[in-house]
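Listed here are the chains, written in short residue letters.
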Amino acid sequence: MSEGLNDTNQQGQKLGKKGKITRERILSASRELIADPACEFSLSGVARHTGLRMSSIYTYFADLPDLFLAVLDPVAREAEEAYLTLLRTRWADGEIDARATELVQAFYAYWERHSRLLHLRNRLADQHERSVLLQRIAMARTVVRLLGWQMGGDPDGATGEPYDLASVLYTGLERVVTIATDTELKACYPADIKPRFEGATLRQQSRLLALAIKDQRAAA
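Note that the structure is a prediction, hence the values are computed from the model and not measured.

Student: Account for the packing of helix 7 (residues 115–126) against helix 8 (residues 130–150), with residues named and values stated.
Tutor: Taken N-terminus to C-terminus, the directions of helix 7 and helix 8 make an angle of 120°; their axes are 8 Å apart at the nearest point. For the pair helix 7 and helix 8, the crossing hand works out as left-handed. The segment helix 7 lies against helix 8, with Arg121, Asn122, Leu124, Ala125 and Asp126 engaging Val132, Leu133, Gln135, Arg136 and Met139.

Student: I'd like to hear about unusual backbone geometry, residue by residue, with values.
Tutor: With phi around 65°, histidine 128 is a residue other than glycine that occupies positive phi space. Along the chain, histidine 128 falls in the loop between helix 7 and helix 8. Positive phi, close to 50°, is recorded for alanine 158, a residue that is not glycine. Mapping alanine 158 onto the fold places it in the loop between helix 8 and helix 9 (161–180).

Student: Tell me what's going on with helix 3 (residues 43–50), and back it up with residues and numbers.
Tutor: Turning to helix 3, its buried residues number three or more, namely Leu43, Gly45, Val46, Ala47 and Thr50. In this structure, the buried residues of helix 3 make contact with helix 2 (17–35), helix 4 (54–60) and helix 5 (64–82). Backbone geometry just after helix 3 places glycine 51 at a positive phi near 80°.

Student: Now, about the environment of arginine 88: what can you tell me, with residues and values included?
Tutor: Mapped onto the elements of the fold, arginine 88 is located in the loop between helix 5 and helix 6 (96–113). On the basis of relative accessibility, which here comes to 41%, the residue arginine 88 falls in the partly exposed class. With 43 residues separating them along the chain, arginine 88 and glycine 45 place their C-alpha atoms 41 Å apart. Excluding residues within four positions of it along the chain, arginine 88 makes contact with Glu80, Thr142, Leu146 and Trp149.

Student: Could you give an account of the environment of serine 131, with specific residues and numbers?
Tutor: On the secondary structure map, serine 131 appears in helix 8. A relative accessible area of 34% means that serine 131 is categorised as partly exposed. When sequence neighbours within four positions are dropped, the list of residues in contact with serine 131 reads Pro65 and Leu69.

Student: Account for the pattern of salt bridges, naming residues and giving values.
Tutor: With the rule as written, the count across this model stands at 11 salt bridges. Salt-bridge contacts for arginine 99 lead to glutamate 95; the nearest nitrogen and oxygen are separated by 3.5 Å. A relative accessible area of 26% means that arginine 99 is categorised as partly exposed. With a closest N to O distance of 3.1 Å, arginine 136 and aspartate 126 form a salt bridge. Separated by 10 residues along the polypeptide, arginine 136 in helix 8 and aspartate 126 in helix 7 bring together distant segments of the chain. Arginine 136 sits in the buried class, given a relative accessible area of 19%. What emerges from the salt-bridge pattern is a single network uniting Arg121, Asp126, Arg136 and Glu174.

Student: Can you tell me about the packing of aromatic side chains, naming the residues and giving the values?
Tutor: One pass over the full model with this rule turns up 5 aromatic pairs. Each ring, one from tyrosine 83 and one from phenylalanine 107, has its centre 4.9 Å from the other, and the planes form 85°; the classification is edge-to-face. Of this pair, tyrosine 83 sits in the loop between helix 5 and helix 6 while phenylalanine 107 sits in helix 6, placing them 24 residues apart in sequence. Neither tyrosine 83 nor phenylalanine 107 differs from the other in exposure class; each is buried.

Rules behind the numbers
Residues numbered from 1 in each chain as written. Predicted model: local features only at pLDDT ≥ 70, side-chain atom pairs only at ≥ 80, totals over all residues. Heavy atoms only, no water. Axes fitted to C-alpha atoms, helices over the stretch in contact; angles between N-to-C directions. Helix = DSSP H or I, 4+ residues; strand = E, 2+ residues; numbered from the N terminus. Left-handed = near helix turned anticlockwise from the far one by under 90°. Contact = heavy atoms within 4.5 Å. Buried < 20%, exposed > 50% of the residue type's maximum accessible area, 1.4 Å probe, protein only. Salt bridge = Lys/Arg side-chain N within 4 Å of Asp/Glu carboxyl O. Phe/Tyr/Trp six-rings, centres within 6.5 Å; stacked < 30°, edge-to-face > 60°.

Printed below as a string of structure tokens:
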């Protein structure tokens, strides 16, 4: 979300000091509701939490997905420093194992920091909330393009086997990290398999990633 959109309301009017304070108040309440497992994130819930009328919420946000994306925006931008930067330099052949481990750990740490927000994003995307789904796809495509390039793919075309494989690897990575950061889900697992989601699956995901990159580079 651009700074320009942050400075206007739904009617395109530039926000004054009071409007900016109210908008941030809505965003702050939304973050609190999302972070609290006992609370429901909804427009009516945000209105109750802030003491504002629903009409005031709609002055700044078109609907619940629009509000959610505004909350998500700074977290999405944090991805660059959190883990994308690790992919933007081509890994030396002798460092692939270490770099793959570093990437998986950084991706996991990012999800751990923003677990409830990112899990909610995926649930909304799975419910075909179009704007949220497109945001999820955009973030995934960035990783897929960089992984494909690490495998020797053409960064301009971004098509072909390296990028097909990168798509599969990213899907697996996100799924593994999703499970690893879902505390409610892990609480339901039997004790004998719980350790798999406290490090073992992440280590195996790192191994798969490294093996795939080595294999594709050798094939190229």
